[in-house]
Amino acid sequence: MGLLFQTPRARVQRVVRRLRGGPSPLAGRTVMITGASSGIGEATAHAVARVGGHVLLVARRADELARVRDAIEADGGRASAYTCDLTDLEAVDALVERVLAEHGAVDHLVNNAGRSIRRSLHLSHDRFHDFERSMAINYFAPVRLTMGLLPAMRAQRFGHVVNIVTWGVQIKAPKFAAYIASKTALDSWSRVASREAYGDNVTFTNMRFALVRTPMVAPTEAYARMPAATPEQAGARVLRALEDRPVTVNGWPGRIGEWANLLAPRLSDALFWRSDRAFPDSAAARGDRPT
Ligand SMILES: NC(=O)c1ccc[n+]([C@@H]2O[C@H](COP(=O)([O-])OP(=O)(O)OC[C@H]3O[C@@H](n4cnc5c(N)ncnc54)[C@H](OP(=O)(O)O)[C@@H]3O)[C@@H](O)[C@H]2O)c1
């Protein structure tokens, strides 16, 4: 019964903790964050370390990971860096083996590493690899990693997985077929996993972020004029989700898009088709610049 009300209870505990100035539930916990060398992952790593979590940083660029680890340690936090190309599934298995041997069970996992592709379908007919590489990093990599870490979470009867997905799973924006489909796969996978792991007190959160000003969105000229959160604001939201363990984190624009798709799908198609013409493919997507 306690688990049934876990999320509201966690929220009440957070308010009480804030009022009393008590420690974060992440203090002393092991928190693995993928894509921690940049953007949202880097900001999340700092936020988690500041409340006493031991962060395990994962990404490909060893120099950037070392920079983040050193900055966290200089700030008085605990961090360990692991270089891994998450699209190499054997490397993911080796990472799991090493981390479990060094730290025992990982308490929280943030599946944040990812890549976005914004390209119209009419520019994608000879680019099937766009669909394959989106699935490789946004779906197969986090599923392989989560599957590797899940047995130890279930055995210790505690675990929490946060997936950084996108509001695109709700609004289904044009030009993002490869990206949104791969994130939707992860979003759905986790909802099913939630139901299987529930009895072992292992929970999943899907965070459907809107625009965040990070290196990932830099190539898209259309975003330059749009409102966006900072990586630090996004990292603070991930921290809150790690502490509260909600099922999903949505914003209002995403919710409205989801309802529009449910209630008036063909009208949504027409409105998106019309408004999308104001936002052409970027130079990179057209092939004028390398991607
Ligand atoms: N920015 C937004 O507007 C936005 C909105 C919604 C959702 N998101 C999601 O937020 C997540 C973080 O993105 P971001 O905006 O913070 O972008 P970012 O600054 O470009 O960070 C992407 C991170 O993923 C890592 N990564 C990429 N491929 C990898 C691989 N094969 N193996 C291991 N690590 C890999 C990168 O590290 P290395 O290059 O060092 O490997 C980097 O740390 C992504 O999943 C993205 O889809 C972003």
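The following refers to the structure shown. On a predicted model such as this, the values are computed, not experimentally measured, just so you know.

### Observations regarding the side chain of Asn112
Part 1: Within the secondary structure, Asn112 is located in the loop between strand S4 (108-111) and helix H5 (128-156).
Part 2: Under the relative-accessibility criterion, Asn112 is labelled buried at 11%.
Part 3: Asn112 has contacts with Thr34, Gly35, Ile40, Gly41 and Ile164, leaving out every residue within four places of it along the chain.

### Things to note about the site of the ligand
Part 1: Inspection of the region around the ligand gives 30 residues, with Ser38, Arg60, Asn112, Tyr179 and Thr214 positioned closest.
Part 2: Within the backbone of Gly39, an N or O atom sits 3.5 Å from an oxygen atom of the ligand.
Part 3: Alone, the ligand offers 870 Å² of accessible surface; in the complex the protein occludes 93% of this.
Part 4: Only helix H2 (39-50), strand S5 (159-166) and helix H7 (177-197) provide two or more residues apiece to the shell around the ligand.
Part 5: Broken down by element, the residue count for the shell around the ligand peaks at three residues, all from S5.
Part 6: Residue composition of the shell around the ligand, by class: 17 nonpolar, nine polar and four charged.

### Points about the packing of aromatic side chains
Part 1: Tallied over the entire structure, the rule returns four aromatic pairs.
Part 2: On the numbers, 6.1 Å between centres and 55 degrees between planes, the contact of Phe176 with Tyr179 is tilted.
Part 3: The lysine or arginine in question, Arg277, covers the ring of Trp273, its NZ or CZ lying 4.3 Å from the ring centre.

What counts as what
Residues numbered from 1 in each chain as written. Predicted model: local features only at pLDDT ≥ 70, side-chain atom pairs only at ≥ 80, totals over all residues. Heavy atoms only, no water. Helix = DSSP H or I, 4+ residues; strand = E, 2+ residues; numbered from the N terminus. Buried < 20%, exposed > 50% of the residue type's maximum accessible area, 1.4 Å probe, protein only. Contact = heavy atoms within 4.5 Å. Near = heavy atom within 4 Å. Polar contact = N/O pair within 3.5 Å; in protein donor to acceptor, adjacent residues only side chain to side chain. Areas by Shrake-Rupley, 256 points an atom, 1.4 Å probe, with all protein chains shown as cover. Nonpolar A, V, L, I, M, F, W, Y, C, P; charged D, E, K, R; others polar. Phe/Tyr/Trp six-rings, centres within 6.5 Å; stacked < 30°, edge-to-face > 60°. Lys NZ or Arg CZ within 6 Å of the ring centre and 35° of its normal.

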